[in-house]
Amino acid sequence: MSFFRKFFQLKSRDQLQADDEKASSGEMLADQICDVAPRQRVRVSGTLRSITYPPQGRSMDLSGILFDGTGSIELVWMGRRDISALRPGARMVARGMVSGSAEHKRIINPNFDVITRSR
């Protein structure tokens, strides 16, 4: 760590984004992703960091990575090629049962709401 950063206690861009996400998730009364475990029903909120669209001719599973400042979870919609409301950068709340492992958490076919903020 550089002297300047240590002296002024500056945060990186990723740390600032994580702090913002943590604050927003707390406002939504959501579970923190770092605390959720497999076979647990959860309500998580955060920003959709990425979306993976299924290739033509393959199984139709749309997936996205939701980040809340404490961690990430994969959201998978089976049988879907696209959901028009979902775009990278969208703020959302997702509800469902966590599956996978502690290292790779996922929710299959989550219920979700896209959150829009008025400015």
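Parameters and conventions
Residues numbered from 1 in each chain as written. Predicted model: local features only at pLDDT ≥ 70, side-chain atom pairs only at ≥ 80, totals over all residues. Heavy atoms only, no water. Core = buried A, V, L, I, M, F, W, Y, C linked by side-chain atoms within 4.5 Å. Buried < 20%, exposed > 50% of the residue type's maximum accessible area, 1.4 Å probe, protein only. Helix = DSSP H or I, 4+ residues; strand = E, 2+ residues; numbered from the N terminus. Contact = heavy atoms within 4.5 Å. Polar contact = N/O pair within 3.5 Å; in protein donor to acceptor, adjacent residues only side chain to side chain. Salt bridge = Lys/Arg side-chain N within 4 Å of Asp/Glu carboxyl O. pLDDT = per-residue confidence, 0-100. Phe/Tyr/Trp six-rings, centres within 6.5 Å; stacked < 30°, edge-to-face > 60°. Lys NZ or Arg CZ within 6 Å of the ring centre and 35° of its normal. Pairing = 2+ DSSP bridges.

*Asks:* Lay out the nonpolar core in plain terms, naming residues and giving numbers.
*Replies:* Counting residues in hydrophobic clusters, the biggest one holds 17 residues, and the most contacted among them are Val44, Ile73, Leu75, Trp77, Leu86, Met92 and Ile107. Put simply, the parts of the chain that give this core at least two residues each are strand E1 (41-52), strand E2 (61-67), strand E3 (72-78) and strand E4 (91-100). The biggest single contributor to this core is E1, with 4 residues. Once residues lying within four places of it in the same chain are set aside, the contact partners of methionine 92 are Val44, Ser45, Gly46, Leu48, Leu66, Leu75, Trp77, Leu86, Phe112, Asp113, Val114 and Ile115.

*Asks:* Now, about the side chain of threonine 47: what can you tell me, with residues and values included?
*Replies:* Relative to the assigned elements, threonine 47 resides in strand E1. At 3.4 Å, the side chain of threonine 47 forms a polar contact with the side chain of arginine 91.

*Asks:* Quick one: what's the story with the pattern of salt bridges, residue by residue and with numbers?
*Replies:* In the structure shown here, the tally under the stated rule is 3 salt bridges. A salt bridge links glutamate 74 to arginine 106; the shortest N-O distance between them is 3.4 Å. With glutamate 74 in strand E3 and arginine 106 in strand E5 (residues 105-108), the pair connects residues that are 32 residues apart, well separated along the chain. In this structure, aspartate 82 engages arginine 87 in a salt bridge whose closest nitrogen and oxygen atoms are separated by 3.7 Å. On the basis of relative accessible area, aspartate 82 is assigned to the partly exposed category, the value being 38%.

*Asks:* Break down the confidence of the model for the protein chain for me, citing the residues and quoting the values.
*Replies:* Counting all residues, the mean pLDDT for the protein chain is 82, and 73% of those residues have values of 70 or more. Put simply, helix H1 (residues 3-8) is where the protein chain has its lowest mean pLDDT, 56, and E5 is where it has its highest, 96.

*Asks:* Which residues make up the packing of aromatic side chains, and what values do they have?
*Replies:* On inspection of all chains with the given rule, the structure shows 1 aromatic pair. Pairing tryptophan 77 with phenylalanine 112 gives two aromatic rings, centres 5.5 Å apart and planes at 75°, and the pair type is edge-to-face. Remark: phenylalanine 112 occurs in strand E6 (residues 111-115) and tryptophan 77 occurs in strand E3; sequence separation between them is 35 residues. We classify tryptophan 77 as buried; its relative accessible area is 5%. Note that arginine 49 overlies the ring of phenylalanine 67, its terminal NZ or CZ placed 3.9 Å from the centroid.

*Asks:* Describe the pairing of E4, with residues and values.
*Replies:* Strand residues, when the strand is regular, have side chains that alternate between the two faces of the sheet. Sheet topology places E1 next to E4; 7 bridges connect them, and they run antiparallel. By the bridge assignment for E4, valine 44 is matched with alanine 94. Pairing of E4 with E6 involves 5 bridges; the strand directions are antiparallel. From the neighbouring strand, valine 93 faces E6, where its bridge partner is aspartate 113. Between the antiparallel neighbours E4 and E5 lie 4 residues.

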